[in-house]
Each structure stands twice: as C-alpha cells, then as structure tokens.
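Spelled out from the first residue to the last, the chains are:
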Amino acid sequence: MALDRSVSRRRLLQFAGGAVAAGTLAACGGGGGSSSSGGTLKVVGVGDQEAGLRKLLDAYKTAHSGFDFNLSFAPADQVQTALRTQLGGGNAPDVHVVYPGNGSAMSMAQLAKAGLLADLSGQSWTQKIPAGFKGAFQSDNKTYIYSPGSSMLGAIYNKKAFATAGVQPPTTWSELLDVCDKLKKKGIVPIALGAQTPWVTQLIDYALVPGTVYAKTPDFDDKMAAGTASFADSGWADAMTKYLDLQKRGFFNDNPNGTTYEQATSMVATGKAAMAVQVSAVLSAFRAAATSPDDLSMFPFPSTDVVADNWIPAGVVVGIAVSAKSKKLDQAKSFLDYCGQQENLNTWAEAVSCVPLYGDAKVDPALTSFLPALKANKAVPFMDQRWPNAEVQPTHFAVVQELLGGKTSVQDALKKMDAAYKKGA
C-alpha cells in the first residue's frame, strides 16, 4: 500500500481515543494443525481486523518454532452476545476481539471490571500509550487491550463515480446535498447504506455529531455525565434529522434496512454507489472488492455549512486482549507483546488504514484530508467511548433502524437513548 504522509506522536495526542463497534461477516481461517508445544492458540476477531491480525500471527509463527494458531472471525453483533457469554462461562478463546474504552458488552472497561481480561501492564509498549488514549486502553490504571492505532470515520468514495457526475468531495452540508443530487441524476446511488448490519446504523450519526454537537459544546460528554445535557435537547437532534433528510431526498439505496454491510461495500467498490460512510479500518475491504484499489479514497463527511465547525470523529480501532482464564496465558501475552513492537504495530496499522498508536509513521494517502482537523484539535472520540454502559449503543442501533423504517420520530428515538444512558454504569 502506498504511503506518503508522516504523522508525529505529538499529533496522536490530539485524539481523544474512542471506539466504534465495527465488524464484518463471519469468516474462518488460521494456521491449522496442532502445536508441538502446548497446543494451538485460539484467536477470534472481527472481519476488519483480518488484514493486520493474520499478518502478525503468520509472522509470529515463522519466528517462533512450535507455535500455531486457529483464527476465526465473527460478526460484531455475535461478538456482543456469543463471545461475551463464552467469556463469562470460562470457555473463551485465548486471544479475542475487544472494543476500546466503555460503551459495549465487549468493551475493555466492561470486561476488565468483570475480571475477564489479563493485565498487560508489564509489557513495554504499554508505556508508550499517549495520555489522551489511556481511557481507551486502561481500567484502574492497568492496561487490558492492544490496538494498533486510530481510525478515521468519513466517506469512502469511488473516484470514477464522482468523475462521472463531475463532482468533487464536498466540504459543507449544502455542498454534500448538491453532490448527492448530481450523482442521483446520473443514475448513481449517492450513499450506500447497509443498515441491516446493526453496527453500520450508527456511522452517519457519528459522522455528523462532531459538527452538530461538539463544535459548539466540546464538553458535551462531561455535561451528559453530570446530568445537565441530554441527547434529545442537543445537536444530536439536528444530526438525526439530517440523517433522515438524506433518506427523504432519495440519496440512499432502496431499503437500507434490508441491505447488508457487504452489499453496500460491493455497491461502492463497483461504482453502482458513489460513497458509504465508514471507518478507515474497512477501507482495505472496499479496495479488495474494487477493480482497482486506486479507485477508492476518503474524505471527511461534512455536517454544517460552516467549514470551521465540521469537526471529525476519530477513535482507537477495535483491538485484541487475552482471556484471563486462558490455559495458554504466557503464549497469548507473548503474542500481544510482539504486536506492540514498533515495526509490527506499523504493519497492522498500515493493513487497516489507521494512524499508528505511537512513534513517527506514515499514513494511507486516503486519510490526508483528515489531517488538518487533527492538527487543529477538531477531532472527537467515537461517541460510544464516553457512554456509561453497554445499553446505549444497541439502543442507538435499534432506533436508527426504526427511523429508517418510519416507525419512530427523532425525538422519541433520542428519548430512548436518554433512558438507556440514565441507567448508568
């Protein structure tokens, strides 16, 4: 993958460190066979981790005689249920996917509090975690998760589709509507939305809220925690209204609630659709589905007509952790320590198109349009990072599907999210 832009560790400190519960279709694979020294390490991830996770497992196997692994993948919604149940029952994989921070049943904070994760604090790479990211990696000052870096959230777009309509990436909300209108007139679906896949439902809100909420109220999360702010009485209402406006204008594919993430990916990759709001961690999957990887790039998804207010979402990408009850605890920890070495961290970060967690590094050229906002400190965590429990996010999934299906209103949807939030930790 071509790389061309350096980002310093100082710039990484400008992230607040959030996480989005992103995953793809179940897929299986692995090293196969059994190990001559203690058996096979069982590893379970989500699909957008595959490019980096498999590469490092293969490299570790080459460097360590007798090591073998079995690698499989699960959809994000199954991770939140089946894998969480396995962890509680003591039959979890040795190494498994975990979401940074708090806010989901498979988040670092939730699992650490339940005593289900092994402490990684003794590993040297943990001392390099930028201060602004520690909340995503640590609980009670102990590190429980490894992640290669930070993912951008914006629009993955097909350059050829844009060229056909004679349009360029927009920088304001009005420009976005104009671009979508011109694409639609050319017979191209402006925005592919695979809302049948639950985690996809949240992404357009996540793209809009930095501008409609945080640009005006940077301490919104603190106010929510203090009980002086709510979803219903904030810029979240503006974001959800704009989300629905895109649908009312016919800028989504038909029946988003009946369209999967994979179908939406294919639509953009083939040029049937022009763009999809997504995390950069899945950019490699979009490129893999395209005739030419160079056909696809990314841009920040604007939410307002004031360019300076169009902040961006950026968060720590989904990571991995070691089960506290693993029978191969030393072997599993050794692999994560290997992942934390600078060269290996860079390899994984490059594979999933994210900004490496620490050290001077280069980023995918598709992400260069996001860098000015990072430099200006106009990036906020993925919203679920600061939510107090694992109920707000699935509630958000559900109400967006209801909105798209015409079964609820914006105010009622946000009131449900407020009710879930008030349940506390």
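Position numbers for residues count from 1 along each chain, tracking the sequence in the order it is written. Local features in this predicted model are restricted to residues of pLDDT 70 or higher, and side-chain atom pairs are both shown and tallied only at a pLDDT of 80 or more, whereas totals for entire chains, interfaces and linings draw on every residue. To get the side-chain values, all heavy atoms of the structure are used, and hydrogens and water are removed first.

As annotated in an unreviewed UniProt entry, the protein chain carries the name Extracellular solute-binding protein and is attributed to Kribbella hippodromi.

### Here's the deal with the pattern of salt bridges
Salt bridge, as applied in this entry: a Lys or Arg side-chain nitrogen positioned within 4 Å of an Asp or Glu carboxyl oxygen. Scanning the model with the defined rule gives twelve salt bridges in all. A salt bridge links D364 to R287, with the shortest nitrogen-to-oxygen separation between them at 2.6 Å. One end of the pair, D364, is in the loop between β15 (361-363) and α15 (371-375); the other, R287, is in helix α12 (residues 283-289), and 77 residues separate them in sequence. Both residues of the pair, D364 and R287, count as buried. Secondary structure counts use DSSP, requiring at least four H or I residues in a row for a helix and at least two E residues in a row for a strand, with both numbered from the N terminus. Three labels apply to residues, based on accessible area from a 1.4 Å probe with only protein chains included: buried if under 20% of the type maximum, exposed if over 50%, partly exposed otherwise in between.

### Section: the side chain of N389
Among the secondary structure elements, N389 is positioned in the loop between β16 (379-380) and α16 (392-404). Under the relative-accessibility criterion, N389 is labelled buried at 5%. Within the local environment of N389, its side chain forms a polar contact with the backbone nitrogen of E391, the two atoms lying 2.8 Å apart. Any N or O atom pair separated by 3.5 Å or less is treated as a polar contact, with the protein-specific requirement of one donor-capable and one acceptor-capable atom, and with residues adjacent in sequence counted only for side-chain atom pairs.

### Here's the deal with the packing of aromatic side chains
Centres within 6.5 Å make a pair out of two Phe, Tyr or Trp rings, where for Trp the six-membered ring is used; the pair is then stacked when the planes are under 30 degrees apart, edge-to-face when over 60, and tilted otherwise. Summed over all chains, the structure comprises 19 aromatic pairs. An aromatic cluster of at least three residues, connected via ring pairs, comprises Y206, F231, W236, F382, W387 and Y421.

### Some remarks on the packing of helix α8 (residues 203-214) against helix α10 (residues 236-248)
The N-to-C vectors of α8 and α10 enclose an angle of 135°; their axes lie 8 Å apart at closest approach. As the angle between them shows, α8 and α10 are arranged oblique. At the point where α8 passes α10, the crossing takes the right-handed sense. Together, I204, D205, Y206, L208, V209, T212 and V213 of α8 and W236, D238, A239, M240, K242 and Y243 of α10 make up the contact between the two elements. Classification used: nonpolar for Ala, Val, Leu, Ile, Met, Phe, Trp, Tyr, Cys and Pro, charged for Asp, Glu, Lys and Arg, polar for all others including Gly. Here the residues of the contact of α8 with α10 sort into nine nonpolar, one polar and three charged. Under this scheme, a helix contributes an axis fitted over its contacting stretch, all axes are lines through C-alpha atoms, and angles between N-to-C directions fall in the 0 to 180 degree range. Angles are sorted into four bins: roughly parallel if under 35 degrees, roughly antiparallel if over 145, roughly perpendicular if 65 to 115, and oblique for all others. In this scheme the crossing of two helices becomes right-handed for a clockwise turn of the near helix relative to the far one and left-handed for an anticlockwise turn of less than a right angle. Only heavy atoms enter the contact rule, under which two residues are in contact if any of them lie within 4.5 Å.

### Here's the deal with the nonpolar core
The biggest cluster of nonpolar side chains holds 150 residues, and the ones touching the most others in it are W236 and M275. Per-element tally for this core: the top contributor is α8, with eight residues. Ignoring any residue separated from it by four or fewer positions in sequence, one finds W236 in contact with D205, Y206, V209, V213, F220, F231, M383, W387, H396, L414 and M417. Within this scheme, the nonpolar core is defined by two criteria: the residues are buried Ala, Val, Leu, Ile, Met, Phe, Trp, Tyr or Cys, and they are joined through side-chain atoms within 4.5 Å.

### Some words on the environment of L183
Positionally, L183 belongs in helix α7 (residues 173-185). For L183, a relative accessible area of 0% corresponds to the buried category. Along the chain, L183 and T164 lie 19 residues apart, while their C-alpha atoms are 8.1 Å from each other.

### A few points about α8
Counted at 1.5 Å a residue, the expected span for α8 with its twelve residues is 16 Å, and the 16 Å between its end C-alpha atoms agrees. Most of α8 sits out of view: twelve of its twelve residues are buried. Those residues of α8 that fall on the buried side of the exposure criterion are L203, I204, D205, Y206, A207, L208, V209, P210, G211, T212, V213 and Y214. The span expected for a helix works out to 1.5 Å for each residue beyond the first.

### Some thoughts on the confidence of the model for the protein chain
Think of pLDDT as the predictor's per-residue confidence, scored from 0 to 100. In this model, the protein chain carries an average pLDDT of 88, and 91% of its residues clear a pLDDT of 70 or more. In the predicted structure, residues 1-38 sits below a pLDDT of 50 and forms 141 contacts with residues beyond four places in sequence or in another chain.

### Some details on the pairing of strand β4 (residues 69-73)
Across the five residues of β4, four count as buried, placing the element largely inside the fold. With five bridges connecting them, strand β3 (residues 41-45) and β4 associate as parallel partners. When the sheet's bridge partners are listed, L41 is paired in β4 with F69. Running through helix α2 (residues 50-63), the crossover from β3 to the neighbouring parallel element β4 is right-handed. Two strands pair under a simple rule: DSSP has to find at least two bridges between them. Every crossover in which the path from the first strand over the helix to the second runs clockwise, viewed with the strands pointing away from the viewer, is termed right-handed.

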